[in-house]
Amino acid sequence: MSGFRQNCTAFDGVIGTFSAIPHPVAVEITAAAAPDFICIDCEHAQIGRERVEDMIRAADLHRVPAMVRVPGHAPEAIASALDAGAAGVLVPRVSNADEARAAVAASRFPPAGRRGVGPGRAAGYGYRIAETLKSANETVVLAIQIETAEGLANIEEIAAVEGIDVIFIGPGDLSVTIDAMGPANADRLNAAIRRIADAARAAGKAVGLFRPDGSDVATWEKAGISFYIIGSDAMMLSAGLAAGLKQARSE
Ligand code: 3PY
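Residues numbered from 1 in each chain as written. Predicted model: local features only at pLDDT ≥ 70, side-chain atom pairs only at ≥ 80, totals over all residues. Heavy atoms only, no water.

**Student:** For this particular structure, what's the right way to read the layout of surface pockets?
**Tutor:** The gaps left among the atoms become clear once a water-sized probe is rolled over them. The volume enclosed by the largest pocket comes to roughly 500 Å³. Along the walls of the largest pocket sit 21 residues, with G85, A86, A87, A122 and T139 positioned nearest its centre. Top contributing element to the lining of the largest pocket by residue count: helix α6 (residues 129–139), with five residues. Looking at the lining of the largest pocket, its residues break down into ten nonpolar, five polar and six charged. (1 Å grid on protein atoms, 1.4 Å probe; cavity = no way out; pocket = protein on both sides within 12 Å on 5 of 7 lines; lining within 4 Å. Points joined across faces, edges and corners; volume = space filled by probe spheres on them. Helix = DSSP H or I, 4+ residues; strand = E, 2+ residues; numbered from the N terminus. Nonpolar A, V, L, I, M, F, W, Y, C, P; charged D, E, K, R; others polar.)

Here you go:
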């Protein structure tokens, strides 16, 4: 097992951030802050395949594991991210066990799955195919995202699917689909998050959660959540500038 996968599944706390600014320079700047990993967001940011590979290259240079949140469930998107050398994938909007099994199949080489073999960057452009075939199923991190009412309802059967490393909770979308948006509904949303976390832990899976910042990570750690993505490079840039402007204008 890779050090990164071991850290993600050790229930011991890894903290990363989304890379949403589509440039390797942004990855280098992010890496300078030494997150445990980055997650390049191809679901909500405008980042194409060639750019993803360059962003992973930048992360590798700084020894920061780079995951990719793929845009959807297409096996081609998962294969492309892994061929580019991603340390793992985060598959959004997984709502039932069939979708979870499809994510496993797309992420693992046979016999565990159906990932295709190719001479991409991950396989040393063909020079390390045998080595990659041997090691990838032990090193690649598969995280699936629970963020729909259906995913919440099916969490026990999803969590039981073999081959998933991390069950990651997206509270923003979850709050929309269970109609629990805003501070007035915080208790109901938090109860849903706890229900997902409990089911995932009972099935032996690590649990992840998105937070806009790190302010309440310590609280969620007590609920057994050990994998965090806090904000994004774009969100931090904007928040940092807003704070600086506020300070400057009030002086
Ligand atoms: C959510 O909160 O729904 C997310 O997808 C976080 O990225």
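**Student:** Would you mind showing me how to read the packing of aromatic side chains here?
**Tutor:** Any two aromatic rings considered together are summarised by their centre-to-centre distance and by the angle between their planes. For the structure on display, the rule yields four aromatic pairs. Aromatic pair F4 and F37: ring centres 5.7 Å apart, planes at 45°, arrangement tilted. With F4 in helix α1 (residues 3–9) and F37 in strand β2 (residues 37–41), this pair connects stretches of sequence that are 33 residues apart. Summarising the aromatic geometry, the rings of F168 and F227 are spaced 6.0 Å apart at their centres and angled 80° between planes, so their arrangement reads as edge-to-face. (Phe/Tyr/Trp six-rings, centres within 6.5 Å; stacked < 30°, edge-to-face > 60°.)

**Student:** Before we go on, may I ask you to explain the site of the ligand in this structure?
**Tutor:** Lining the immediate environment of the ligand, one finds F18, R69, Q145, E147, G170, P171, G172, D173 and F210. One nitrogen or oxygen atom from the main chain of G172 is found 2.7 Å from an oxygen atom belonging to the ligand. Protein contact buries 90% of the 230 Å² of open area that the ligand shows by itself. A molecule is said to occupy a pocket when more than half its atoms come within 2 Å of that pocket's grid points, and by this definition the ligand occupies the second largest pocket. With three residues, helix α9 (residues 171–177) is the single largest residue contributor to the shell around the ligand. (Near = heavy atom within 4 Å. Polar contact = N/O pair within 3.5 Å; in protein donor to acceptor, adjacent residues only side chain to side chain. Areas by Shrake-Rupley, 256 points an atom, 1.4 Å probe, with all protein chains shown as cover. Sits in = over half its atoms within 2 Å of the grid points.)

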